[in-house]
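Okay, here's what each chain looks like letter by letter:
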Amino acid sequence: MGDAAQRTMLVWCPDWPVIAADLLDGVPAHRPVAVLHANRVVASSAAARAEGVRRGLRKREAQGRCPQVITIDYDPVRDVRAFEPVLTAVEEIAASVAVLRAGVCAFAARGPARYFGGEEAAAERIVEQVAQECGVEAQIGVADGTFAALLAARAGRIIAPGQTAAFLAAMPVTTLDRPALTSLLRRLGVHTLGAFADLPPSDVLARFGLDAALAQRLAAGRDDRPLAVRQTPPELEVEERYDEPVDRVDSAAFAARALAERLHERLAGYGMAATRLAISAVTADGRELHRVWRHDGVLTAHAIADRTRWQLEGWITQRRMTAGIIALRLIPDGLVRQAGLQAGLWGDVGQERDRAHRALHRVQGILGPEAVLTAVLGGGRDPDAQATLVPWGDERVPQRPAGPWPGRLPPPSPAVVLPEPVPVQLLDASGEVLRVSARLELSAPPARLVWEGGKIEVTGWAGPWPVEEQWWDGRRTHRAARLQILLATGRALLLTLDAGQWSITLHFD
């Protein structure tokens, strides 16, 4: 297709996470409602926005602006389940509907426009169809390309052919929904999509990488499948057949993750990545189900697994299937050459990595997902609190978000974090146990450490540093003091004084 973007018609259902909660859980969407993920607002109702509740606010700040706001947790599975009837209604009019995310789907405008006598007439017919079949409000946008069509849908506009670049030019770069990239662009003085589109593409690719190159093409209103998009070779498709039909949500989640990992590894072996994903399923009674998911950037292994799981759970919970799934196939589309693959723990993509991953999958299949854990670094004041163990293959999200943590230990990082603190005695020159006052003053300089049945001379020390956590909760408050010492043997340790007891928690050697 080159640089000529396809005329795209896009259906957008505003505030979909709120609407989905209304449809499935009975949450009153007409009242102030905020949907939270990681303690931040990701969606809100019109009534909540009228009170100042916006995306990105923390829960406490949102409640401060609107004390009567109803807060609910973000649930992508719920969103997909509720969106399935809307897709069915749209598919009665349009063919080859692609899902961008729950609440948003797109398709080529040419077919419906020719059938109904124009893009405007087709848009009105689809809005009416969704309202009648699902009782849901929808807005339609038409433009050259999916990204521009989404922005047009939010404005309720139909952009004339050839005018998409002009429509996008004055919009802020934040509409790209890539916070890290847009923050950097704004610091460099690039504030609009037009200014970003005018940068030399080769420099954008070299300086910011593949995802930024994709974003620049979106900003320019050109085709959103850059860098030699190819037709999918048959050998890149992955398929799995099941002896026992898959008809439960938990079984579907496990099947989705295993097949998604295979697809991602196969793409990586060819040095490629996908921007779209087709999911096909065959049920035990011979019925075929098909859905296409679209993505503005490249699909990671987690993104493939999530979309596959959401779709399977949507089919199962919406009773689109009259029998369990006996075959599942994932078909990558919109392929791009993926440069700069990072070496993994078992080397680059290849047989060693594949064999290791298969072994881990086999262990999880026998013993369960929790049998294979990986560590993810996050935030926290102590190194032992900064590591979160997550099942291998799950999204690697730390329990505590990274960021500035007052009282966090400065670098260098310790060489050993003990699983359990080792009780010791820290003595001064007269043999008395050291104490720390409320003003964080040592009762005397440390002189000897009683450890493993002997006394070791202390040749250097630093601190103490306070630790005071959850001071607002009398039942959970925690106070301690930390002290770093250097022993005559050359070992460097971190000691913690907690409830009157000194303990070794870290080794720096």
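One can find the structure itself at the top, above this paragraph.
So, here is what we can say about the structure in this document.

About the thresholds
- Residues numbered from 1 in each chain as written.
- Predicted model: local features only at pLDDT ≥ 70, side-chain atom pairs only at ≥ 80, totals over all residues.
- Heavy atoms only, no water.
- Phe/Tyr/Trp six-rings, centres within 6.5 Å; stacked < 30°, edge-to-face > 60°.
- Helix = DSSP H or I, 4+ residues; strand = E, 2+ residues; numbered from the N terminus.
- Buried < 20%, exposed > 50% of the residue type's maximum accessible area, 1.4 Å probe, protein only.
- Axes fitted to C-alpha atoms, helices over the stretch in contact; angles between N-to-C directions.
- Left-handed = near helix turned anticlockwise from the far one by under 90°.
- Contact = heavy atoms within 4.5 Å.
- Nonpolar A, V, L, I, M, F, W, Y, C, P; charged D, E, K, R; others polar.
- Core = buried A, V, L, I, M, F, W, Y, C linked by side-chain atoms within 4.5 Å.
- Polar contact = N/O pair within 3.5 Å; in protein donor to acceptor, adjacent residues only side chain to side chain.

1. Let's talk about the packing of aromatic side chains
- What the rule picks out here adds up to three aromatic pairs.
- Note on Trp 16 and Phe 83: the rings are 5.4 Å apart at their centroids and 70° apart in plane angle, and the pair reads as edge-to-face. Of this pair, Trp 16 sits in helix α1 (residues 16-25) while Phe 83 sits in helix α4 (residues 76-91), and the two are 67 residues apart along the sequence.
- Classification of Trp 16 by relative accessible area gives buried; the value is 2%.
- Given a relative accessible area of 2%, Phe 83 falls into the buried group.
- An angle of 80° between the planes, with centres 5.0 Å apart, marks the rings of Tyr 115 and Phe 116 as edge-to-face.

2. Concerning the packing of helix α13 (residues 249-269) against helix α14 (residues 301-317)
- Relative orientation of the contacting elements α13 and α14 amounts to 150°, with a least axis distance of 8 Å. Taken as a pair, α13 and α14 cross one another with a handedness that is right-handed. On α14, the residues touching Val 249, Ala 252, Ala 253, Ala 256, Arg 257, Ala 260, Glu 261, Leu 263 and His 264 of α13 are Ala 301, Ile 304, Ala 305, Thr 308, Arg 309, Leu 312, Glu 313, Ile 316 and Thr 317.
- Its residues assigned to classes, the contact of α13 with α14 shows eleven nonpolar, three polar and four charged.

3. Some thoughts on the nonpolar core
- With 59 residues, the main nonpolar core has Trp 16 and Val 90 as its most contacted residues.
- Per-element tally for this core: the top contributor is α4, with eight residues.

4. A look at the environment of Glu 239
- Structurally, Glu 239 can be placed in strand β8 (residues 238-246).
- Residue classification places Glu 239 among the partly exposed positions, given a relative accessible area of 36%.
- One polar contact links Glu 239 to Arg 241, side chain to side chain, over a distance of 3.3 Å.

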